[in-house]
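Spelled out, the chains give:
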Amino acid sequence: MLKHDLRKKYKDLRAEITPPKASDLSLILANHVLQIPIWDFFYFHTFLSIEDKNEVNTLPLITLLQGKDKNVIVPKISGNSAMEHYLLTDSTSLKINSWGIPEPVDGFLVPEDKIDVVFVPLLAFDIQGNRVGYGKGFYDTFLGKCRKETLKIGLSFFQAEEDLITDVHENDIKLDYCVTPNKVYAF
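Participant: Explanation requested: the environment of Val110 in the structure shown.
Facilitator: By the element assignment, Val110 lies in the loop between strand 5 (102–104) and strand 6 (117–120). Sequence separation of Val110 and His45 is 65 residues, and the distance between their C-alpha atoms is 9.8 Å. Discounting chain neighbours no more than four positions away, the residues touching Val110 are Ile73, His85, Tyr86, Leu87 and Ile115.

Participant: Is there a simple way to think about helix 1 (residues 3–15) in this case?
Facilitator: One turn of the α-helix equals 3.6 residues, which is why residues spaced by three or four share an orientation. Across its 13 residues, helix 1 extends 18 Å between first and last C-alpha, which sits within 8% of the 18 Å expected from 1.5 Å per residue. Along helix 1, the residues that are buried comprise Lys3, Leu6, Arg7, Tyr10 and Arg14. Seen end-on, helix 1 carries its buried residues on one side only, within an arc spanning 105°. Residues His4, Lys8 and Ala15 are exposed on helix 1 and point more than 90 degrees away from its buried face. Of the surrounding elements, those touching the buried residues of helix 1 are strand 7 (124–125) and strand 8 (131–132).

Participant: Looking at this model, I keep getting lost on the packing of helix 2 (residues 19–33) against helix 3 (residues 59–67). Mind explaining?
Facilitator: At a minimum axis separation of 8 Å, helix 2 and helix 3 run at an interaxial angle of 35°. Crossing geometry of helix 2 relative to helix 3 is assigned as right-handed. Touching Ser26, Leu27, Ala30 and Val33 of helix 2 are Pro60, Leu61 and Leu64, all from helix 3. Broken down by class, the residue content of the contact of helix 2 with helix 3 amounts to 6 nonpolar, 1 polar and no charged.

Participant: Could you clarify how one ought to interpret the nonpolar core in this entry?
Facilitator: The tendency in soluble globular proteins is for nonpolar side chains to be buried side by side. Ranked by size, the top nonpolar core spans 51 residues in total, and within it Ile38 and Phe119 carry the most contacts. Examining the composition of this core, we find that 5 residues originate from one element, helix 2, more than from any other. Other than its neighbours up to four places away in sequence, Ile38 contacts Val33, Phe44, Val117, Phe119, Leu151 and Ile153.

Participant: Mind showing me how you'd approach the packing of aromatic side chains here?
Facilitator: Aromatic ring pairs are reported here in terms of the distance separating the ring centres and the angle at which the planes meet. Applying the stated criterion to the full structure yields 8 aromatic pairs. Between the aromatic rings of Phe125 and Tyr185, the centroid separation amounts to 5.1 Å while the plane-to-plane angle is 80°, which identifies the pairing as edge-to-face. Pair noted here: Phe125 is in strand 7 and Tyr185 is in strand 11 (residues 184–186), with a separation of 60 residues, a long-range link. Exposure remark for Phe125: the relative accessible area of 1% places this residue in the buried category. Taking the relative accessible area as the measure of exposure, Tyr185 reaches 11% and is therefore buried. Arranged with centres 6.2 Å apart and planes meeting at 5°, the rings of Tyr185 and Phe187 form a pair that is stacked. Chaining the aromatic ring pairs together yields one cluster made of Tyr10, Phe157 and Phe158. Directly above the ring of Trp39 sits Lys68, whose terminal nitrogen or CZ lies 5.3 Å from the centroid.

Calculation notes
Residues numbered from 1 in each chain as written. Predicted model: local features only at pLDDT ≥ 70, side-chain atom pairs only at ≥ 80, totals over all residues. Heavy atoms only, no water. Helix = DSSP H or I, 4+ residues; strand = E, 2+ residues; numbered from the N terminus. Contact = heavy atoms within 4.5 Å. Expected span 1.5 Å × (residues − 1). Buried < 20%, exposed > 50% of the residue type's maximum accessible area, 1.4 Å probe, protein only. Arc of directions from axis to C-beta. Axes fitted to C-alpha atoms, helices over the stretch in contact; angles between N-to-C directions. Left-handed = near helix turned anticlockwise from the far one by under 90°. Nonpolar A, V, L, I, M, F, W, Y, C, P; charged D, E, K, R; others polar. Core = buried A, V, L, I, M, F, W, Y, C linked by side-chain atoms within 4.5 Å. Phe/Tyr/Trp six-rings, centres within 6.5 Å; stacked < 30°, edge-to-face > 60°. Lys NZ or Arg CZ within 6 Å of the ring centre and 35° of its normal.

Below, the structure written as structure tokens:
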């Protein structure tokens, strides 16, 4: 399938999920993360959810990570397809940007080469770990700057597409895992 078609399909499917159901599924996803062998790492990067796009709510995941004394890092858009990454602390102030994304106002910058695990937003993914995002390239640019061994974990309300994504670009970076309400995929 083409990314364009998958974006439309999964935006429509997401729109059908009620807020209480999305909240329940997000909690299930956070609990499923416990099955992945990542707990010896220290620096965990996660997106902050866009409420009006009905994304997976990462708050339960952040609570889980902080409860295990992990360093949680969150992104801030800093330019064309570029992001900066800040340590999330009790004193971090967040502000909603023009795209509806909560971002840190300021704080402690964390370089990409320190990050061990990245929880990646997505609309869809296939059985080989290719993902479809919103198409702006922010995460592929960011993941390209991380160490090769940095683990990339998608979070999705939906199962993998059996049909492969046919328009994968050479700069697209595959997932290592994807967590869904019913299964944890390893690629």
